[in-house]
Structure formats: C-alpha cells, structure tokens
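Observations on the three-dimensional arrangement
Single-letter residue listing:
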Amino acid sequence: MSKETLEKVARIIHDEAISQRECQLQKRALTDFNPDFCPINCFKRIDRNGNGSINSIDLVQFFRDNSKIIPEGDTYMLINAFDSNQDGKLSLIDFQKMVCPINYSSTQHVRSTKKHFTYAVDNSLTNISYDVEHAIIKICEREITSVRMVEKYKQELMSFQDFSMFEIFRHIDKFAHGNINTDNLRVFFTNFEFCGGLEEEDLQNWIRRYDRDVDGRLDFSDFVKSLGPYCQFTQRAEKIDSKSLKKQRSDRGMEMDMDSTLQNNYEAIDAQRVPSLE
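Scope of this entry: the structure provided in the associated data block. In this text the structure is predicted, and so the values were computed from the model without any measurement. (Residues numbered from 1 in each chain as written. Predicted model: local features only at pLDDT ≥ 70, side-chain atom pairs only at ≥ 80, totals over all residues. Heavy atoms only, no water.)

Moving on, we get to the overall build of the chain. When you go through the chain residue by residue, the secondary structure sums to 12 helices and 0 strands. Walking the chain from its N terminus toward its C terminus, one meets helices and strands in the order α-α-α-α-α-α-α-α-α-α-α-α. Here the chain holds 278 residues, and 51% of them are scored as buried. Within the chain, residue pairs in contact and separated by at least 24 positions form 74% of the contacts whose partners lie at least 6 positions apart. (Helix = DSSP H or I, 4+ residues; strand = E, 2+ residues; numbered from the N terminus. Buried < 20%, exposed > 50% of the residue type's maximum accessible area, 1.4 Å probe, protein only. Contact = heavy atoms within 4.5 Å.)

Right, let's get into the pattern of salt bridges. Enumeration over the complete set of coordinates arrives at 19 salt bridges. With its nearest N and O atoms 3.0 Å apart, the salt bridge here joins Lys 27 to Glu 143. Here the residue Lys 27 occupies a position in helix H1 (residues 3–32), and Glu 143 occupies one in helix H7 (residues 130–159), the gap between them amounting to 116 residues. Of the two residues, Lys 27 and Glu 143, both sit in the buried class. In this structure, the salt-bridge partner of Asp 74 is Arg 148, at a minimum N-O distance of 2.2 Å. Placement of Asp 74 in helix H4 (residues 72–82) and of Arg 148 in helix H7 is noted, with a sequence separation of 74 residues between them. The buried category is assigned to Asp 74, whose relative accessible area is 9%. Residue class for Arg 148 comes out partly exposed when judged on its relative accessible area of 48%. Via salt bridges that share partners, Glu 16, Lys 27, Glu 143, Lys 154 and Arg 209 belong to a single interconnected network. (Salt bridge = Lys/Arg side-chain N within 4 Å of Asp/Glu carboxyl O.)

So, about the packing of aromatic side chains. Across all of its chains, the model carries 8 aromatic pairs by this definition. Seen from their ring centres, Phe 43 and Phe 95 are 5.8 Å apart, and the 65° between their planes marks the pair as edge-to-face. Taken as a pair, Phe 43 in helix H2 (residues 39–46) and Phe 95 in helix H5 (residues 92–99) lie far apart in primary sequence, 52 residues in all. Residue classification places Phe 43 among the buried residues on the basis of a relative accessible area of 6%. (Phe/Tyr/Trp six-rings, centres within 6.5 Å; stacked < 30°, edge-to-face > 60°.)

What follows is about helix H10 (residues 200–210). Three or four residues apart is the spacing at which side chains of an α-helix point the same way, because the helix has 3.6 residues per turn. Within H10, burial applies to Asp 202, Leu 203, Asn 205, Trp 206, Ile 207, Arg 209 and Tyr 210. Close packing links the buried residues of H10 with H1, H4, H5, H7, helix H9 (182–189) and helix H11 (220–227).

Let's shift gears to the packing of helix H3 (residues 56–65) against H4. Relative orientation of the contacting elements H3 and H4 amounts to 120°, with a least axis distance of 9 Å. By the criterion of interaxial angle, the relationship of H3 to H4 is oblique. The handedness of the crossing between H3 and H4 is right-handed. Counted together, Ser 56, Ile 57, Leu 59 and Val 60 of H3 and Glu 72, Thr 75, Tyr 76, Leu 78 and Ile 79 of H4 form the full contact between these two elements. (Axes fitted to C-alpha atoms, helices over the stretch in contact; angles between N-to-C directions. Parallel < 35°, antiparallel > 145°, perpendicular 65-115°, else oblique. Left-handed = near helix turned anticlockwise from the far one by under 90°.)

In this section: the nonpolar core. In this structure, Phe 95, Ile 136, Leu 185 and Phe 189 are the most contacted members of the largest nonpolar core, which totals 65 residues. Here this core takes 10 residues from H7, the largest share from any one element. Ignoring any residue separated from it by four or fewer positions in sequence, one finds Ile 136 in contact with Leu 30, Cys 42, Phe 62, Phe 95, Val 99 and Ile 128. (Core = buried A, V, L, I, M, F, W, Y, C linked by side-chain atoms within 4.5 Å.)

Using the criterion set out here, one finds 0 disulfides in the structure. Among the cysteines around Cys 42, which has no disulfide bond, Cys 38 carries the closest sulfur, lying 7.1 Å off. Overall, Cys 42 belongs to the buried group, its relative accessible area being 1%. Here Cys 100 is not cross-linked by a disulfide; its sulfur's nearest cysteine counterpart is in Cys 42, at 8.1 Å. (Disulfide = S-S within 2.5 Å.)

In this structure, Ser 146 sits in helix H7. Residue Ser 146 is classed as buried on the basis of its relative accessible area, which comes to 0%. The residues touching Ser 146, leaving out its near neighbours within four places in the chain, are Ser 19 and Gln 20.

Another aspect to go through is the environment of Asn 191. Tracing the chain through its elements places Asn 191 in the loop between H9 and H10. For the pair Asn 191 and Leu 6, spaced 185 residues apart in sequence, the C-alpha to C-alpha distance is 9.5 Å. Within the local environment of Asn 191, its side chain forms a polar contact with the backbone oxygen of Phe 188, the two atoms lying 3.3 Å apart. (Polar contact = N/O pair within 3.5 Å; in protein donor to acceptor, adjacent residues only side chain to side chain.)

Position of Asn 66 relative to the elements: it lies in the loop between H3 and H4. We classify Asn 66 as buried; its relative accessible area is 18%. At 2.9 Å, the side chain of Asn 66 forms a polar contact with the backbone oxygen of Phe 62. Only 2.9 Å separates the side chain of Asn 66 from the side chain of Glu 133, close enough to count as a polar contact. Here Asn 66 is in contact with Arg 45, Glu 133 and Ile 137, once residues within four sequence places are set aside.

Structural data, given as structure tokens:
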C-alpha cells in the first residue's frame with residue numbers, strides 16, 4: 001500500500017472528523033435551545049406523504065417550504081451519508097442520527113419538552129416551529145458541505161491503482177481487532193502531521209457517523225461505506241465476505257425493530273400527557 005494512498009485515506013477521515021466537530025455544535029444547539037424540538041414530529045413534518053421514510057424529493061420540498069432552493073443531487077448525497085441500509089431513504093433512526101448530537105437521549109428529552117405537538121394521522125397536518133425548521137435546514141446545509149468537501153477525495157482514492165478497501169482496513173487495524181476503533185485510528189494518524197489536531201471526540205464523532213450497530217466500532221461493511229463515494233457507492237468490497245449480505249439484512253431487521261420501539265416510546269409518553277385546552 002503506497003504512502004499516497006494511505007495519506008488520502010487519512011485526509012478523508014481527518015476532514016470529515018473536523019467537519020463533524022462543527023456539525024455537532026449545530027445539533028446541540030437544536031436540541032438544547034429549542035424546547036419544542038421532538039424528532040418524530042420533525043420526521044413527520046418532512047415525510048408529508050406518510051410513507052414512514054424520507055427521500056431526496058421530501059428534503060427538496062422541505063427546503064422549498066423554507067424558501068431554499070437545493071439541487072436534488074445534494075439531498076441524494078446527504079441521504080446516502082445516513083442511509084443505514086442503502087435503500088435511498090431515511091428511517092426514523094437514520095433521521096434522528098442526522099439531526100441529533102451524539103448520546104442524545106430522545107425519551108428523556110421528550111419528557112422535559114415544554115410544548116409537544118399532537119400526532120396527526122395525516123402527516124400533512126404535522127407542523128413544527130420556525131426556529132426548529134430553520135435549525136434543521138442549517139444542519140442539513142452543513143452536512144451537505146461536509147459531504148461535498150470529501151467527495152472529491154473519495155473519488156480520487158478509488159482511482160488509485162493500488163486501491164483495496166480490504167488492504168486499507170487491514171493496515172489501519174494494526175492490532176487485528178477485526179474492526180476500526182479510536183485506538184487503531186489514533187495509531188494510524190501518528191504517521192501524518194496534519195492529523196495532529198484531532199481529538200478523541202472527533203474520532204468518536206466520525207465513527208458514530210458510519211456505525212450502524214452503535215457499538216462504537218466500524219466493522220468491514222461500515223468501513224467500506226465510510227470511504228465510498230456518496231454519489232456512486234459500490235458494495236464490491238463487501239463481496240469479499242460472503243456473510244456480509246446476511247449480516248446487513250439482520251442489521252436492517254434490528255433497525256426496523258428500533259424504529260418501532262422509538263416511535264412507540266414517543267407515543268406512550270404523548271399518551272400520558274394531559275391535552276392542552278389552548
């Protein structure tokens with residue numbers, strides 16, 4: 001593996017990690033300074049057709065509703081960045097991961113909410129405040145900027161003659177853990193001076209972005225997605241492991257259960273509230 005290839009990998013991870021540092025600040029501002037913020041209401045506000053998911057067209061319309069014009073290609077890349085099962089749509093879990101900071105406790109936050117909107121059968125009736133909509137727009141714009149910034153590097157990486165996702169994975173996984181974690185990333189970055197400013201939280205933020213099973217580590221399929229271009233993501237490297245597809249289906253089943261559990265938690269909390277007469 002050439003030094004140029006490894007340096008490109010380090011540049012991709014470094015730039016995304018630094019960008020996520022700024023994104024986390026905006027996400028904390030959304031959840032900490034907007035007492036009426038509730039992820040499922042925001043999800044339903046964007047999912048106007050009630051499909052149970054958000055696609056690129058939904059995001060384009062959401063931007064238009066806020067007098068913002070955005071190319072569908074940008075929303076497509078944004079969705080690919082958080083789409084855990086590569087179906088071109090965001091589930092409730094995916095959406096919460098996109099707009100909420102790390103370690104966000106949704107259940108506790110809803111209980112402390114001063115204003116909680118009624119769940120409408122028709123999603124077109126679900127509204128959120130201007131401040132929350134504006135904050136979500138800002139987060140999406142920042143995430144899109146982050147995606148654009150590294151997309152060129154990812155395209156270049158895949159064009160290198162010695163490019164091999166499997167070999168890159170093995171090179172970073174110095175201790176043969178079978179995964180990518182903050183420990184082996186820290187050792188990998190010691191070879192590149194421009195990575196000296198990365199903090200432990202930056203590495204955790206980057207891992208969390210691609211960590212589908214939320215165990216604080218990236219398995220091989222997670223790592224493939226982290227370095228793959230958003231506009232033409234390929235799963236060819238996953239074919240090396242014949243069990244990858246089965247694992248992906250299993251992960252998707254777990255995610256659907258988590259989606260259902262999360263929504264049930266919101267509705268259970270909502271049912272305990274005394275309806276406002278105002």
